[in-house]
Amino acid sequence: MTRRSSRRTPRACVVTAGPTREYVDPVRFLSNESSGLMGFSIAAALARRGHDVTLVAGPVNQPTPEGVERVDVVTAREMLAALRSRWSTCEALFMAAAVADWRPAVRRAGKWRAKDGGATRTTLDLVRNPDVLASLTRGRRDPDRTVVAFALETGDGVRRARAKLASKGADWIV
């Protein structure tokens, strides 16, 4: 006799996709080249399988998959806020977004005009963004929720991905 797992298939799924942008001034920002395609593809696949899917998307040019609720965000802190508001009902999280680790310490109100000061060099002070996934999981696995993290690594990538898996409280890492 085998015992059926008490864990049911996730129904309320949240997927993150794309980059985040951290503005230096009204026209310049720090970001990366993430297209969001992986997260959008995951969201589409989950929706096709009948799951209730919310896609929290950074600034990308991707069409919203059929049957998916889309929430657009720009910054890492906006992404975290959107995820926090859905965390209590989320049964599965796919954290595919390429979230910025850093943001400018000060966002200038007007355009940063290097020509006005005559300087040939400058320094941009950065502060750490909140770790979106770790902020949600507090580094602990939750038996009522499946968390899939993603890690794009260079160098000793396997070791760093394993460390991320453990520190973020994820069930899987891709």
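Presented here is an overview of the structure given in this document.

What counts and how
Residues numbered from 1 in each chain as written. Predicted model: local features only at pLDDT ≥ 70, side-chain atom pairs only at ≥ 80, totals over all residues. Heavy atoms only, no water. 1 Å grid on protein atoms, 1.4 Å probe; cavity = no way out; pocket = protein on both sides within 12 Å on 5 of 7 lines; lining within 4 Å. Points joined across faces, edges and corners; volume = space filled by probe spheres on them. Helix = DSSP H or I, 4+ residues; strand = E, 2+ residues; numbered from the N terminus. Disulfide = S-S within 2.5 Å. Buried < 20%, exposed > 50% of the residue type's maximum accessible area, 1.4 Å probe, protein only. Core = buried A, V, L, I, M, F, W, Y, C linked by side-chain atoms within 4.5 Å. Contact = heavy atoms within 4.5 Å. Salt bridge = Lys/Arg side-chain N within 4 Å of Asp/Glu carboxyl O. Expected span 1.5 Å × (residues − 1). Polar contact = N/O pair within 3.5 Å; in protein donor to acceptor, adjacent residues only side chain to side chain. Phe/Tyr/Trp six-rings, centres within 6.5 Å; stacked < 30°, edge-to-face > 60°. Lys NZ or Arg CZ within 6 Å of the ring centre and 35° of its normal. Pairing = 2+ DSSP bridges. Axes fitted to C-alpha atoms, helices over the stretch in contact; angles between N-to-C directions.

1. Comments concerning the layout of surface pockets
Take a probe with the size of a water molecule and roll it over the atoms, and the empty space left behind shows itself. Roughly 900 Å³ of internal volume is contained in the largest pocket. Considering the residues around the largest pocket, the lining is formed by 31 residues, among which Ala97, Ala98, Val99, Phe150 and Lys164 are closest to the centre. Broken down by secondary-structure element, the contributors of at least two residues to the lining of the largest pocket are helix H1 (37-48), helix H4 (132-137) and helix H5 (157-168). Here the lining of the largest pocket gets three residues from one element, more than from any other, and that element is H1.

2. Points about the state of the cysteines
Disulfide: a covalent bond formed between the sulfur atoms of two cysteine residues. Enumeration over the complete set of coordinates arrives at zero disulfides. Cys13 takes part in no disulfide bond, and the closest cysteine sulfur to it belongs to Cys90, at a distance of 7.2 Å. With a relative accessible area of 4%, Cys90 lands in the buried category.

3. As for the nonpolar core
Grouped together as the largest cluster of nonpolar side chains are 19 residues, with contacts concentrated most on Val56, Met79, Leu83, Leu93 and Met95. Elements supplying a minimum of two residues to this core: helix H2 (76-87), strand E6 (92-95), H4 and strand E9 (146-149). The dominant element in this core, judged by the number of residues it contributes, is H2, at five residues. In this view, Met79 contacts Thr16, Ala17, Thr20, Val56, Gly58, Val73, Met95, Ala97 and Val99; residues no more than four positions away in its chain are not counted. Residues Val15, Ile42, Val53 and Val60 belong to the second largest nonpolar core, which totals 18 residues.

4. Quick notes on the pattern of salt bridges
Evaluation of the coordinates by the stated rule reveals six salt bridges. One salt bridge connects Arg86 with Glu69, and the closest N-O pair in it is separated by 3.9 Å. Of this pair, Arg86 sits in helix H2 while Glu69 is found in strand E5 (residues 68-72), placing the two residues 17 residues apart along the sequence. Its salt-bridge partner being Arg70, residue Asp72 comes within 2.8 Å of it at the nearest N-O pair.

5. So, H5
End to end, H5 covers 16 Å across twelve residues, agreeing with the expected 16 Å (1.5 Å per residue, within 8%). Those residues of H5 hidden inside the fold are in contact with H4 and strand E10 (172-173). Where H5 terminates, the next one or two residues include Gly169, which has phi positive at roughly 70 degrees.

6. Things to note about the environment of Asp25
Mapping Asp25 onto the fold places it in the loop between strand E2 (22-23) and strand E3 (29-30). For Asp25, a relative accessible area of 0% gives the class buried. Separated by 18 residues in the primary sequence, Asp25 and Ala43 have C-alpha atoms spaced 32 Å apart. In this structure Asp25 touches Arg107, Arg108, Gly110, Lys111 and Trp112, once residues within four positions along its chain are discounted. Among the polar contacts made by the side chain of Asp25, one reaches the main-chain amide nitrogen of Arg28 at a distance of 2.7 Å. A polar contact of 2.8 Å, which involves the side chain of Asp25, links it to the backbone nitrogen of Trp112.

7. Points about the packing of aromatic side chains
Aromatic rings in a pair are described by how distant their centres are and how their planes are angled relative to each other. According to the stated counting rule, one finds one aromatic pair in the structure shown. Of note, Arg145 hangs over the ring of Trp87, and the distance from its end group to the ring centre comes to 3.8 Å.

8. Notes on the sheet that holds E6
Strand order in the open sheet formed by six strands is E5-E4-E1-E6-E9-E10, with parallel pairing between adjacent strands. Each edge of the open sheet is held by one strand with a lone partner, namely E5 and E10. Bridge count between strand E1 (residues 12-17) and E6: four bridges; the pairing is parallel. Among the inter-strand pairings, Thr16 is bridged to a residue of E6, identified as Met95. The strands touched by H1 within the sheet are E1, strand E4 (52-57), E5 and E6, with E1 carrying the most contacts at an inclination of about 160 degrees. Running over the sheet, H2 touches E1, E4, E5, E6 and E9 and is turned about 175 degrees from E1.

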